[in-house]
Amino acid sequence: MLVMDVFFDKKIPEHLGTSFGPKAGNIAGLQEAGFRIPKTFFALLPSGQQEGIKALSETIVFHGKKEQITTLIIRSSQSNEDGHTFSMAGQSLSIPNLPLDASTIENALRKLVQTSETRSVALIIQEYLHTESLYVSFSVNPNYDSPFSMLSERYEVNNDTLTIGKLISQESVKVDDALSRKLDWVDLAMSLQRHYGYPVDVEWVYVKQKPMILQVRPITRIMYPVKSLWTNANFREGGIGGHLVSELSWSVYSTSFTEAITTYFSEMGILPKDLPERWISRFMGYAYWNIGAIKEGAKLLPGFVEEEFDDTYGLEKRYSGRGFVTQFSLGRLFRGLKTAFALRKSFDSRLADTPALQEKWEQDLSYYTASFNDFSSVEEMQNFIQNHLFPLYQDYWRLVYDTSMYYNLYKSKFKVRVIQDVQVLNLSHTKVLRAIDDLFLNCFSKQELTYFNEKSSEKLYQMYNEDADFPYKHRFGEILEHYKYMSANDIELSVACWDEDALPFFVLIKERLEHITETPSLVNKREALSTKPSRYVENLKRLIEHKESFRDFTNRGHYILRKFALAVGDVYVQKDYLASAQQIFTLSYQEVTQKKNINNWKDKAFGQEYLAVALRNFKPPNEIHLSSISGEGKKVKKPHLGEVIRGLGVSSGTVQGKAVWCNINALEEVNHDAIAVVDWVDTNNVKYLLRFKGVVSRYGGVLSHGAIVCREYGIPSVFNVLDSIDEIQEGMLIRIDGRTGHIKMGKQ
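The sections below set out a description of the structure shown in this document. Everything quoted here is computed from the prediction, not taken from an experiment. (Residues numbered from 1 in each chain as written. Predicted model: local features only at pLDDT ≥ 70, side-chain atom pairs only at ≥ 80, totals over all residues. Heavy atoms only, no water.)

## Description of the overall build of the protein chain
Point 1. For the protein chain, the helix and strand inventory stands at 19 helices and 25 strands.
Point 2. The 748 residues of the protein chain split such that 56% are buried.
Point 3. Of the contacts formed within the protein chain by residues at least 6 apart in sequence, a portion of 70% connects residues at least 24 apart. (Helix = DSSP H or I, 4+ residues; strand = E, 2+ residues; numbered from the N terminus. Buried < 20%, exposed > 50% of the residue type's maximum accessible area, 1.4 Å probe, protein only. Contact = heavy atoms within 4.5 Å.)

## Regarding the side chain of Ser149
Point 1. One can find Ser149 in strand S8 (residues 149–158).
Point 2. Judged by relative accessible area, Ser149 falls into the buried class, the value being 6%.

## Things to note about a positive patch on the surface
Point 1. A cluster of basic residues, Arg36, Lys39, Lys208 and Lys210, forms a positive patch at the surface.
Point 2. You can see Lys210 is positioned in strand S11 (residues 210–218). (Patch = residues over 30% accessible without salt bridge, like charges linked within 9 Å, V, L, I, M, F, W, Y side chains within 5 Å. Areas by Shrake-Rupley, 256 points an atom, 1.4 Å probe, with all protein chains shown as cover. Salt bridge = Lys/Arg side-chain N within 4 Å of Asp/Glu carboxyl O. Lys, Arg positive; Asp, Glu negative; His and termini not counted. Charge placed at Lys NZ, Arg CZ, Asp CG, Glu CD.)

## With respect to a nonpolar patch on the surface
Point 1. On the surface, Phe328, Leu330, Leu333 and Leu337 cluster together into a nonpolar patch covering about 450 Å² of accessible area.
Point 2. With respect to the helices and strands, Leu333 occurs in helix H9 (residues 330–370).
Point 3. Take Leu333: its relative accessible area is 33%, and that puts it in the partly exposed class.

## Remarks on the sheet that holds strand S24 (residues 733–737)
Point 1. Read from one edge to the other, the open sheet built from eight strands follows the order S18-S25-S24-S20-S21-S22-S23-S19, with strand pairing classed as mixed. In this open sheet, the two edge strands, each paired with only one partner strand, are strand S18 (644–646) and strand S19 (648–651). When the angles between neighbouring strand axes are averaged without regard to direction, this sheet yields 30°.
Point 2. Of the pairings in the sheet, the one linking S24 to strand S25 (residues 742–745) comprises three bridges and is antiparallel in character. Across the sheet, Ile736 pairs through a bridge with Ile743, a residue of S25. (Pairing = 2+ DSSP bridges. Axes fitted to C-alpha atoms, helices over the stretch in contact; angles between N-to-C directions.)

## Concerning helix H8 (residues 306–313)
Point 1. H8 sits mainly inside the fold: six of its eight residues count as buried.
Point 2. Buried residues in H8 make contact with strand S15 (286–289), helix H7 (291–298), helix H10 (378–410) and S19.
Point 3. Note on H8: the residue one or two positions beyond its end, Gly314, has a positive phi of about 70°.

## Looking at the pattern of salt bridges
Point 1. If you walk through the whole model with that rule in mind, you get 34 salt bridges.
Point 2. Of the charged contacts in the structure, one is a salt bridge between Glu247 and Arg282, with a shortest N-O distance of 3.0 Å. Of this pair, Glu247 sits in helix H6 (residues 247–267) while Arg282 sits in strand S14 (residues 280–283), and the two are 35 residues apart along the sequence.
Point 3. Classification of Glu247 as buried rests on a relative accessible area of 11%.
Point 4. A relative accessible area of 23% means that Arg282 is categorised as partly exposed.

## Section: the packing of aromatic side chains
Point 1. One pass over the full model with this rule turns up 53 aromatic pairs.
Point 2. With a centroid separation of 5.6 Å and 50° between ring planes, the pair formed by Phe372 and Phe564 is classed as tilted. Placement of the pair is Phe372 in the loop between H9 and H10 and Phe564 in helix H16 (residues 535–574), with a sequence separation of 192 residues.
Point 3. Arranged with centres 6.3 Å apart and planes meeting at 65°, the rings of Tyr393 and Tyr396 form a pair that is edge-to-face. Residue Tyr393 and its partner Tyr396 are located together in helix H10, separated by three residues, close to a single helical turn.
Point 4. On the accessibility criterion, Tyr396 (7% relative accessible area) is buried.
Point 5. The structure contains a cluster of three or more aromatic residues connected by ring pairs, namely Tyr253, Phe257, Tyr264, Phe265, Trp279, Trp289, Tyr393, Tyr396, Trp397 and Tyr401.
Point 6. The cationic tip of Arg181 hangs over the ring face of Phe606; the distance from NZ or CZ to the ring centre is 3.7 Å. (Phe/Tyr/Trp six-rings, centres within 6.5 Å; stacked < 30°, edge-to-face > 60°. Lys NZ or Arg CZ within 6 Å of the ring centre and 35° of its normal.)

## Comments concerning the layout of surface pockets
Point 1. Taken as a whole, the second largest pocket holds about 500 Å³ of empty space.
Point 2. Considering the residues around the second largest pocket, the lining is formed by 25 residues, among which Leu301, Pro302, Gly303, Asn408 and Leu409 are closest to the centre.
Point 3. Those elements that provide at least two residues to the lining of the second largest pocket are H7, H8, H9 and H10.
Point 4. No other element matches the six residues that H9 contributes to the lining of the second largest pocket.
Point 5. Of the residues assigned to the lining of the second largest pocket, the class counts are 16 nonpolar, seven polar and two charged. (1 Å grid on protein atoms, 1.4 Å probe; cavity = no way out; pocket = protein on both sides within 12 Å on 5 of 7 lines; lining within 4 Å. Points joined across faces, edges and corners; volume = space filled by probe spheres on them. Nonpolar A, V, L, I, M, F, W, Y, C, P; charged D, E, K, R; others polar.)

## Focus on the packing of H6 against H10
Point 1. Taken N-terminus to C-terminus, the directions of H6 and H10 make an angle of 50°; their axes are 9 Å apart at the nearest point. By the angle between their directions, the pair H6 and H10 is classed as oblique. The chirality of how H6 crosses H10 is right-handed. Across the interface between the two elements, Val252, Tyr253, Thr255, Ser256, Phe257, Glu259, Ala260, Ile261, Tyr264 and Glu267 from H6 touch Leu389, Phe390, Tyr393, Gln394, Trp397, Arg398, Tyr401, Asp402 and Met405 from H10. (Parallel < 35°, antiparallel > 145°, perpendicular 65-115°, else oblique. Left-handed = near helix turned anticlockwise from the far one by under 90°.)

## Examining the pairing of strand S20 (residues 654–661)
Point 1. Taken together, the five bridges between S20 and S24 define a ladder with antiparallel strand orientation. Its bridge partner being in S24, Thr654 is matched across the sheet by Asp737.
Point 2. By the bridge criterion, three bridges tie S20 to strand S21 (residues 675–678) in an arrangement that is parallel. If you follow Trp661 over to S21, its bridge partner there is Val677.

## Side note on the environment of Val709
Point 1. Mapped onto the elements, Val709 comes out in helix H19 (residues 705–712).
Point 2. Taking the C-alpha atoms as reference points, Val709 and Val681, 28 residues apart in sequence, are found 10.0 Å from one another.

## Considerations on the side chain of His558
Point 1. Topologically, His558 is positioned in helix H16.
Point 2. Discounting chain neighbours no more than four positions away, the residues touching His558 are Tyr393, Asp490, Ile491 and Leu493.

## Focus on unusual backbone geometry
Point 1. The phi torsion at Gln68 lies on the positive side, around 60°, for a residue other than glycine.
Point 2. Structurally, Gln68 can be placed in the loop between helix H2 (50–66) and strand S4 (71–76).
Point 3. Relative accessible area serves as the criterion here: at 66%, Gln68 is assigned to the exposed category.
Point 4. Look at Lys208: it is not a glycine, yet its phi comes out positive at around 55°.
Point 5. Secondary-structure assignment places Lys208 in the loop between strand S10 (200–207) and S11.

## Topic: the packing of H9 against H16
Point 1. At a minimum axis separation of 10 Å, H9 and H16 run at an interaxial angle of 30°. Relative to H16, the element H9 is oriented roughly parallel. Every pair of crossing elements has a handedness; the one defined by H9 and H16 is left-handed.
Point 2. Here the contact of H9 with H16 is built from residues that sort into 12 nonpolar, eight polar and six charged.

Dropping the structure here:
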């Protein structure tokens, strides 16, 4: 409804959406989703129009009487008022307890207009509910780090000033408790977190014996009781830390990691003096590792430089200069010599023994994928985990540690300019890409390429399932059979592999087809180095290649364990332990193989399934330190033409192009004639970044999987830009230098 250019209605039309702030948008979204909120209107008042203010006050009175409203609250909702994750927590004026009187409302509107810094004033007009007590419920208890813990508080309230008074009562519950979920406030808080996908607090009152929402805000501070520095760097880029991890995946991953890191660092003589209680943990359902404890061990060695250590893992620098530098002493020298000898022995062993280990694991895993068929046996599942998967992980983790330690120990001896120039070609994880590329380049005619270009990935997938004919179907089938163990998230056991759901494979085919069309050559874009790499560089490349090959082996191990899990899950469904075979992934491998706590399995499954929805939009911090973190986010300054922000150069080369912010879960939908800007690069999304001119990432280190692949394909890349990345705006022209880590801002 428009009255003298004043908008007033119960809904916000799409064309005016940008004129209202997030607060109004959230209220409208709650209304559309069916949540109970007070009777609400939205208004847009042009600033300075005195007649418009009077007309709007009369309109409010007219519709208020029609809706049988007696008192109002009027709030501002400016587009610049709230952060992008805030809702209903305005920082400008709110005027409560207004009688339905045109003169009083007109005066209130004038106050709101005077406080506005914008040309027009966006308003929320709601029925004001008088109440003796107000409830504030938290979908996640901000005083704990458990995503299952909830808190509710009841307060006295002053209706005249809209201020909260004395705390009357407090109650805390667990989400995975079936009785607790029957409480009104628990059901409301859980429903809201499902709606938003991140933790929220909600202010509400009882109206006709049912909850009615007054305000909803993101929980901007969660307390983490940590004594050290924790990070999900490498865990995120490696796959497990970038997504909520299922209980089965976590139990296998955390057990193998803890055993491997304790053994390795003990053998190398660099265990910290004070051993940590945990090397690996989860915060809000996401995986983190105790990098602070590892750093303390590394500080014992002469030559340790904190800045170089942090660059390896993509950590934020909270110091000036080079940070902590270990000073020379005879004791440290002796310890350093012992550690250097142990490390050199480990490096030599890894370089010499890995080819034989690769043959062993190839045979071992091939047996389970080709010949074994007793996947429903719990005993065989336990045997596979203990005697095959865990030893495989031990070999993988040693390669991870050796590669990182080798880089830090010998980087001064590299006869190339910097690590950003070290390329490792034909990585195991990218062989499927090259297999598809080779087929397109060497076999397809122009007509056949056109045929594929005209078909969507969904159509190709449908044709494949229906056994319909298309060019080189059998060759694609061979590639799919060879890489059937891959999935949309290779480390997460709960995600279907390509032999169960081949759509991601055909999405990848279309992605590679566009790459071939735009870049009809597989010759790497970077020029070959003019000098012969030193043996240190060659050894580093071999270690990286071995590490990536064992990453691939672990993915195959996950494929086998998934087959066991689904088969055993079917058995447990028949025994009524679980509602579906998929719920097996909500249990630890110890619970599955030893049948622990069977009576609680269904409640635990409910809790895990709830988290998958309720935390889908939660952004875990890169690091957790001290005693708490803030999820509020920082206000980002407006970028200036020519300004340079800095990250960590991980893949050499200079390129200029438009910045495109990419959803890491939908990179295949993005126009690639640009520079991709992402939060992180992991094993699953990196395959969709290979046609961009360059890559800029909020997180990531020089030895992360994404950095290694970007170097393989010669894509200039800057990682670990951290909060400065938010200064890069969609469509902005930027110039990146993958060696120095500099990003120069251009025109919008």
